Amino acid sequence: MKILLKGGRVIDPASKRNEIADILIEQGKIKKIAKNIRVKAKTFDIKGKIATPGLIDLHTHLREPGGGSKETISSGTMAAAKGGFTTVCAMPNTNPPVDSVAGVKYSITTSAQEGNIQVLPIGAITKDRRGEELTEIGKMKKIGIVAISDDGTSVMNALVMRRAMEYSRMFDIIIISHSEDLNLSRYGMINEGIVSTKLGLRGIPTQAEEIMVARDISLAELTGCKLHLAHISTARSIALIKDAKKRKLNVTSEVTPHHLALTETDVLGYNTNCKVNPPLRTEKDRKALIRGLKDGVIDCIATDHAPHLDQDKNREFDLAPFGINGLETAIPVLLDTLISAKHLSLLELLEKMTIAPAKILQNEDIGRLQAGTCADITVIDQHVTKEISRDFFLSKSKNSPYIGKKLKGFPVLTLYNGKVVWQDEKIYP
Amino acid sequence: MEFKRKDLLGLENLSKAEIELILKTAKPMKDLFTRTVKKTPALRGKTVVNLFYEPSTRTRVSFELAAKRLSADTINITANASSVVKGESLLDTAKTIESLGADVVIMRHPHSGAPHLISRYITSSVINAGDGTHEHPTQGLLDLFTIKEKKGTISGLKVGIAGDILHSRVARSNIWGLKKLGAEVYIIAPATLIPANIEDLGVKISYKLDETIKKLDVINILRIQKERQKDQLFPSLGEYSAVFGVNNEKLKSGKKDLMVMHPGPMNRGVEISATVADSTQSVINEQVTNGVAIRMAVLFLLSGGDHENIA
């Protein structure tokens, strides 16, 4: 079947294309991008809208296996499709964690059967994510992991991290660091500062992140590995990464939409939907993150989509889990935070969500919108406004700081492999 | 002036006028204590529930007595004796208590923000009787009442708060209340027990009790918990006591009328010496008495009582 996307603005950050054109899709591939294509095909009028390569999320928690009440591969990838994503990288902190060949096989098989978009598995660095013994990185890589990470916790032992880096280098696989000194952050609930003092909650100093960012950059220099720093949240981390890049180290980094948009004051009133790790920081940090993104110190945006049930979030702040549900609100939040505020151009923003993460993954099949590439396409309507209610979410969980708020600019059509995986029925009935 | 709040969760959000109204209302409540019949029918027919998730004698008994002197029906629930041990969530427990017809729920909880959480979900008034390391508003109010009663005014006084500020809900409520009423507040504690950016609340920090004590009109000494030593917050109780404990020698170096307060329970010989606790400058027992009056005032005002009309 042929699909024609007619009259939209085609933005392909990889080739810097940014013009009004039609896109013809045939047999899962992009056949042609040109003006006024006339052909018999299922046609979507996307005039006034933007067509971009399907978005890529380097950091998603799909919760399966073991957390099926919060999210499954099926529901998580449906939420991703609605959010405009066609590829997500699944973090291995499931129950049991993806720390073995069997775990990776489960993830791959279930994703193939029940996933609505592409799921790329990430394997754990250490067995049971305990930070002690290395996993079978070579075997897991052979069957399909794209990175290793103990995300959710740090590999606290520097020697173990060094070995993991040296070893992973042989397989040309990226190592994703969740940078947190667990001793410094112990008992911590939110950023350490006046807000934690007022609320009587224990603080997590920015140094808990910065010390580990510095350590892992240092170890990357020692080992020559490909290091990717997850969810950067502080101004000083940006300075450390900037320096590492200046020294031509193989270091990349990501930032989440919530760290770009929110600060510690959003937690006031004990809002557990803003309880996240690393914590929301100060306005000064938030500005530094935006500048870092602009300057290229931060390579890409990743959601750190972390679904949690109401019953777990709706309780004492100290006892509620960390995490924000992020896939479905990423685009409107980023459009508001970065585009409306004129920090980035649309092409620059989309670059951080398409070709930039594809390059980090060294994956040439995704993140491009060109003739011959895979037809993973997201159509965004910048003008549509929605009030975010619980019913808005296709994710099984509703733990979003945006519930009750109005957001503007949403993906309205998502194609994965040339097939429509999500469409806004109000616009495309 | 009317008191228009449903809940009393902390002093941070109360205005100066609201605090003064509570203090003013507590005065006639205290006058009742010297009568033969120490009771008023103000809360007759109302149900007051003490929901305590932490061991407490002083505060729970004080609230219970306050409610009884106002003729309310009182029920005490302690966490280990209830469905909490069966794994019931805080919200479910709170909704059950609301459904049983509680007009006021007084809650003590080990986690900061717990009363704020339930107050959003139930129509009963919620009084925070101490939440984690956040606030203990009625303790703050009774401390203000005691200072005002003894010193005549709060504005312009130099008040020191000495001890574990990091973990202290009493310290936070005192700081908010004292600052709103115009006192100059000194935090006297080891650097490890001072929370981040506390100077943004308008307080001065001191690590030298022996110097700072000379300036003070009032010193409020907080209990130091022995467990904190395990977290490396100070090396030993002995060292703490030597540097930050208030003993007779330090007391004598201060002003003649330096008033000594302690929210209790005391560790005699650690943060406060027995001589200081029992000295004529100590108002520790009066704090306890005033606590009942303040809690009566709070219960009365939250139940819609008009302070001009106390029976």
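Residues numbered from 1 in each chain as written. Chains lettered and ligands numbered in written order. Predicted model: local features only at pLDDT ≥ 70, side-chain atom pairs only at ≥ 80, totals over all residues. Heavy atoms only, no water.

**A few points about the packing of helix α1 (residues 73-82) of chain A against helix α2 (residues 101-114) of chain A**
All names here are of chain A. The test is simple: Here an axis means a line fitted to C-alpha atoms, over the contact stretch when the element is a helix, while the angle between two N-to-C directions is reported on a 0 to 180 degree scale. To qualify as a helix, a DSSP run of H or I must reach at least 4 residues; to qualify as a strand, a run of E must reach at least 2; elements of each kind are numbered from the N terminus. Should an angle fall under 35 degrees it is called roughly parallel, over 145 degrees roughly antiparallel, and 65 to 115 degrees roughly perpendicular, with every other angle called oblique. Take the far helix as your reference; a near helix turned counterclockwise from it by less than a right angle gives a left-handed crossing, and one turned clockwise gives a right-handed crossing. Contacts between residues were defined by any pair of non-hydrogen atoms, one from each residue, lying within 4.5 Å.
Where α1 contacts α2, the two axes come as close as 9 Å, and the packing angle between them is 60 degrees. It follows that α1 is oblique to α2 by the angle criterion. Remark: the crossing between α1 and α2 carries right-handed chirality. Counted together, I73, S74 and T77 of α1 and S107, T110, S111 and E114 of α2 form the full contact between these two elements.

**A look at the environment of G409(A)**
Residues and elements named next belong to chain A. Short version of the rule: When accessible area is computed with a 1.4 Å probe and restricted to protein chains, residues below 20% of their type maximum are described as buried, those above 50% as exposed, and intermediate ones as partly exposed.
By the element assignment, G409 lies in strand β17 (residues 406-416). The buried category is assigned to G409, whose relative accessible area is 0%. In this structure, the C-alpha to C-alpha distance between G409 and L334, residues 75 residues apart in sequence, is 9.3 Å. With sequence-adjacent residues up to four places away left out, G409 is seen in contact with I331, P332, L335, D381, Q382 and V384.

**With respect to the packing of helix α2 (residues 58-69) of chain B against helix α11 (residues 284-302) of chain B**
Residue and element names in this part refer to chain B. Going by this rule: When residues are sorted by character, Ala, Val, Leu, Ile, Met, Phe, Trp, Tyr, Cys and Pro go into the nonpolar class, Asp, Glu, Lys and Arg into the charged class, and all the rest, Gly among them, into the polar class.
At their nearest, the axes of α2 and α11 sit 8 Å apart, and the two run at 55 degrees to each other. Taken together, α2 and α11 sit at an angle that is classed as oblique. In this structure, α2 meets α11 at a crossing whose hand is right-handed. Listed contacts from α11 to R58, T59, S62, F63, L65, A66, A67 and R69 of α2 are V288, G291, V292, R295, M296 and L299. Taken together, the residues that form the contact of α2 with α11 break down as eight nonpolar, three polar and three charged.

**Some details on the pairing of strand β1 (residues 2-12) of chain A**
Residue and element names in this part refer to chain A. For clarity, the threshold we go by: Pairing between strands is defined by DSSP: at least two bridges between them are needed.
With eight of its 11 residues buried, β1 lies for the most part within the structure. Sheet topology note: the β1/strand β2 (residues 17-26) ladder contains nine bridges and is antiparallel. Looking across to β2, one finds that I11 is bridged to N18. With antiparallel pairing between neighbouring strands as the criterion, β1 and β2 make up a hairpin whose turn holds four residues, including K16 at a positive phi of roughly 65 degrees. With four bridges joining them, β1 and strand β4 (residues 42-45) adopt parallel strand pairing. In the sheet register, L4 faces β4, and the bridge partner there is T43.

**Some words on unusual backbone geometry**
Residue P65(A) is reached from E64(A) by a cis peptide bond, and omega for that bond is 5 degrees. Cis geometry is found at the peptide bond from G264(B) to P265(B), where omega equals -10 degrees. With respect to the element layout, P265(B) can be found in the loop between β9 (259-261) and α10 (274-277). If you check the backbone angles, H231(A) has positive phi at about 25 degrees while not being a glycine. Mapped onto the fold, H231(A) is located in the loop between β13 (226-229) and α8 (235-246). With a relative accessible area of 2%, H231(A) lands in the buried category. Positive phi values are uncommon outside glycine, yet Y270(A) reaches one of about 60 degrees. Relative to the elements of secondary structure, Y270(A) occurs in the loop between α9 (257-261) and α10 (283-295). Taking the relative accessible area as the measure of exposure, Y270(A) reaches 5% and is therefore buried.

**Observations regarding the sheet that holds strand β4 (residues 125-131) of chain B**
Residue and element names in this part refer to chain B. Read from one edge to the other, the open sheet built from four strands follows the order β2-β1-β3-β4, with strand pairing classed as parallel. Across the chains shown, the open sheet's two edge strands, defined by having one partner strand only, are β2 (73-78) and β4. This sheet shows a mean twist of 15 degrees between the axes of neighbouring strands, independent of strand direction. In terms of strand pairing, strand β1 (residues 47-52) meets β2 through six bridges, oriented parallel. Paired with F52 across the two strands is T78, which belongs to β2.

**Some words on helix α4 (residues 158-169) of chain A**
Residues and elements named next belong to chain A. Heads up, the rule is: Each residue after the first adds 1.5 Å to the expected span of a helix. Arc definition: directions from the helix axis to the C-beta atoms.
Spanning 12 residues, α4 covers 16 Å between terminal C-alpha atoms, matching the ideal 16 Å at 1.5 Å per step. Listed as buried for α4 are V160, M161, A164, M165 and S168. Along the axis of α4, the buried positions cluster into a sector of 135 degrees, meaning they face one direction only. Tucked into the core, α4 has its buried residues touching β9 (147-149), β10 (174-177), α7 (206-223) and β13.

**With respect to helix α12 (residues 330-340) of chain A**
All names here are of chain A. With nine of 11 residues buried, α12 lies mostly within the body of the structure. Within α12, the full set of buried residues consists of A330, I331, P332, V333, L334, L335, T337, L338 and I339. K342 sits one or two positions beyond α12 and adopts a positive phi of about 60 degrees.

**Some thoughts on the domain arrangement of chain B**
Residue and element names in this part refer to chain B. Here is the rule we go by: The split of the chain into domains comes from an automatic or database domain assignment. Computed with a 1.4 Å rolling probe, the buried area is the accessible surface lost when two parts are put together, summed over both parts. One side-chain nitrogen of Lys or Arg within 4 Å of one carboxyl oxygen of Asp or Glu is enough to make a salt bridge. Polar contacts here mean pairs of N or O atoms no more than 3.5 Å apart (in protein, one a potential hydrogen donor and the other a potential acceptor; neighbouring residues in sequence count only if both atoms are side-chain atoms).
Segmentation of chain B into domains returns domain 1 (16-135 + 288-309) and domain 2 (137-284). Overall, the association of domain 1 and domain 2 removes approximately 2100 Å² of surface from exposure, summing both partners, and the carbon and sulfur fraction of that is 63%. Counting the contacts that link domain 1 with domain 2 gives two salt bridges. E54 is the salt-bridge partner of R169, the closest N and O atoms lying 2.9 Å from each other. At the junction of domain 1 with domain 2, the criterion picks out nine residue pairs in polar contact (both at pLDDT 80 or more). Listed by contribution, the elements that provide at least two residues to the side of domain 1 that touches domain 2 are α1 (16-32), α2, β3 (104-109), β4 and α11. In terms of residue count, the dominant contributor to the side of domain 1 that touches domain 2 is α1 (eight residues).

**Notes on the domain arrangement of chain A**
Residues and elements named next belong to chain A. You can read the domains of chain A as domain 1 (3-51 + 373-423) and domain 2 (54-360). Inter-centroid distance (C-alpha atoms) of domain 1 to domain 2 is 25 Å. Across the boundary between the two partners, domain 1 contributes 34 residues, which contact 45 residues of domain 2. Carbon and sulfur atoms supply 63% of the area buried between domain 1 and domain 2, which totals about 3300 Å² over both sides. Between domain 1 and domain 2 we count one salt bridge in total.

**Structural notes on the interface of chain A and chain B**
In this assembly, 18 residues from chain A lie in contact with 26 residues from chain B. Both sides of the chain A and chain B interface together cover about 1700 Å² of buried area, and 53% of this is carbon and sulfur. On inspection of chain A and its partner chain B, the count reaches zero salt bridges. By residue class, the composition of the side of chain A that touches chain B is seven nonpolar, five polar and six charged.

**Quick look at the sheet that holds β13(A)**
Residues and elements named next belong to chain A. If you trace the eight strands from one edge of the open sheet to the other, you get β6-β7-β8-β9-β10-β13-β14-β15, paired in parallel fashion. Looking at which strands have only one partner, the edges of the open sheet turn out to be β6 (55-60) and β15 (300-301). Bridging between β9 and β10 involves three bridges; their strand directions are parallel. Among the inter-strand pairings, S149 is bridged to a residue of β10, identified as I176.

**Describing a positive patch on the surface**
Residues and elements named next belong to chain A. The cut-off we apply is this: Within the patch definition used here, like charges are joined within 9 Å and nonpolar side chains (Val, Leu, Ile, Met, Phe, Trp, Tyr) within 5 Å, considering only residues with over 30% relative accessible area and no salt bridge. Surface accessibility follows the Shrake-Rupley procedure with a 1.4 Å probe radius. Residue values consider only the protein chains on display as shielding. Only four residue types enter the tally: Lys and Arg on the positive side, Asp and Glu on the negative side, with His and both chain ends excluded. Note that the charge is assigned to NZ on lysines, CZ on arginines, CG on aspartates and CD on glutamates.
Taken together, K242, K246, K287, R291 and K294 make up a surface patch of like positive charges. Those elements that provide at least two residues to the positive patch are α8 and α10. The element that contributes the greatest number of residues to the positive patch is α10, accounting for three residues. On the secondary structure map, K287 appears in helix α10.

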